[in-house]
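Commentary on secondary and tertiary structure
Spelled out, the chains give:
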Amino acid sequence: MSETPVKQQNTTAYYGQAIASFALALGAVSIGIYRLDASGWIRAFLAISVLYLTTSAFTLAKVVRDRQEADQIVSRVDKARIDKILAEHDPFKPVA
């Protein structure tokens, strides 16, 4: 009845690749904005837009992760309830 849940862990290489990809993308956009042939106000607006988009992406990823973790907890509780009912059920017990 008590099963140890399998934890899905990402490898160090996966984390490294994700960090490197994020840093490369942010660096490329930053260099592109810096080298853009436009006034300072336009470059500043684009830089603020990129920062806002980045923070929004992190927030969205956290919300999705939190929802997924909450769903996993609910399904574990439901499974534990079903396991308890099945463990206590006696198919040979007469119905009253």
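Look above for the structure.
Presented here is an overview of the structure given in this document. All values derive from a computational prediction rather than experimental measurement. (Residues numbered from 1 in each chain as written. Predicted model: local features only at pLDDT ≥ 70, side-chain atom pairs only at ≥ 80, totals over all residues. Heavy atoms only, no water.)

**With respect to the packing of helix H1 (residues 12–35) against helix H2 (residues 40–88)**
Helices that pack against each other are described as a pair by the angle of their axes relative to one another and the distance between those axes. Running from N to C, H1 and H2 point in directions that differ by 165 degrees, and their axes come no closer than 9 Å. By the angle class used here, H1 and H2 are roughly antiparallel. The crossing of H1 and H2 is right-handed. From H1, Phe 22, Leu 26, Val 29, Ile 33 and Tyr 34 reach across to H2, where they touch Arg 43, Leu 46, Ala 47, Val 50, Thr 54 and Phe 58. Per-class residue counts for the contact of H1 with H2 are nine nonpolar, one polar and one charged. (Axes fitted to C-alpha atoms, helices over the stretch in contact; angles between N-to-C directions. Helix = DSSP H or I, 4+ residues; strand = E, 2+ residues; numbered from the N terminus. Parallel < 35°, antiparallel > 145°, perpendicular 65-115°, else oblique. Left-handed = near helix turned anticlockwise from the far one by under 90°. Contact = heavy atoms within 4.5 Å. Nonpolar A, V, L, I, M, F, W, Y, C, P; charged D, E, K, R; others polar.)

**Examining the packing of aromatic side chains**
Per the counting criterion, the structure on display carries two aromatic pairs. For the pair Tyr 14 and Tyr 15, a centre-to-centre distance of 6.4 Å together with 65 degrees between the ring planes defines the contact as edge-to-face. Note on Tyr 15: relative accessible area 48%, which makes it partly exposed. An angle of 70 degrees between the planes, with centres 5.4 Å apart, marks the rings of Phe 22 and Phe 58 as edge-to-face. Of this pair, Phe 22 sits in helix H1 while Phe 58 sits in helix H2, and the two are 36 residues apart along the sequence. Given the relative accessible area of 37%, Phe 22 is considered partly exposed. What makes Phe 58 exposed here is its relative accessible area of 52%. (Phe/Tyr/Trp six-rings, centres within 6.5 Å; stacked < 30°, edge-to-face > 60°. Buried < 20%, exposed > 50% of the residue type's maximum accessible area, 1.4 Å probe, protein only.)

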